[in-house]
Amino acid sequence: MTRVGVTVTFLKMTERPQGPAPQLPPNATVHHLRHPTNEQYRDLQMKVGHPYLWWLRRVMPDAELAAVLHNPQIAVHVLYLDGQPAGFYELDASNWPFINLNYFGLMPHAVGQGIGSAFLRHAIDNAWSGPIRGMTVNTCTADHPRALPAYERVGFRRTRAIKEVWSIPDRLGFTIPDHLKV
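What counts and what doesn't
- Residues numbered from 1 in each chain as written.
- Predicted model: local features only at pLDDT ≥ 70, side-chain atom pairs only at ≥ 80, totals over all residues.
- Heavy atoms only, no water.
- 1 Å grid on protein atoms, 1.4 Å probe; cavity = no way out; pocket = protein on both sides within 12 Å on 5 of 7 lines; lining within 4 Å.
- Points joined across faces, edges and corners; volume = space filled by probe spheres on them.
- Helix = DSSP H or I, 4+ residues; strand = E, 2+ residues; numbered from the N terminus.
- Nonpolar A, V, L, I, M, F, W, Y, C, P; charged D, E, K, R; others polar.

**Remarks on the layout of surface pockets**
To locate leftover empty space, one rolls a probe as large as a water molecule over the atoms. Taken as a whole, the largest pocket encloses approximately 930 Å³ of empty space. Residue lining of the largest pocket: 37 residues in total, with Trp-54, Phe-104, Asp-143, Ala-147 and Tyr-151 positioned closest to the centre. Mapped onto the lining of the largest pocket, the elements with two or more residues apiece are strand 1 (2–13), strand 5 (98–106), helix 4 (116–127), strand 6 (134–140), helix 5 (147–153) and strand 7 (157–168). When residues in the lining of the largest pocket are grouped by element, the largest group, seven residues, is from strand 5. Per-class residue counts for the lining of the largest pocket are 22 nonpolar, 11 polar and four charged. As a volume, the second largest pocket reaches approximately 180 Å³. Along its surface, the second largest pocket is lined by 15 residues, and His-32, Arg-34, Pro-72, Ile-74 and Ala-75 are the ones closest to its centre. If you list the elements that add at least two residues to the lining of the second largest pocket, you get strand 2 (28–33) and strand 3 (74–81).

Everything listed is a geometric property; what it means functionally is a separate question.
See below:
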């Protein structure tokens, strides 16, 4: 195990964003991945989250992960560019009437192509398509440095921040950034 120190910032949005959403490029589609297998989901987690130390769902016992993925309150949506996976987001309605954006991210080959804002807005508009009172999300200092500003730009507001120490299994092969080492 390697211990890392992160600051986790919690955010909330209580009003649907106004104004037109940025459009995804013509070669982009987003599909709801209904009942993904553990392998499909862990592949998405690894490809999107490996640079940002996403580890919890990768080590979750199979039966527990399968229960999460088959929970009707959890929805996984995959971004495709030219028919190839390029990112995903996960919406969680278990704290209704608020929806949590559990995971959101792009695969490394899609980062820097100017599609992150449109994909984030897709997730937000999807959540607000029902009668909800708001959305929540959290990000941390292990995530992409543009994550927190992106959430704030679309209307999320900080509610609190806490410091945590994580013990990350070395077998996952993460490269731990120096600024996170404890």
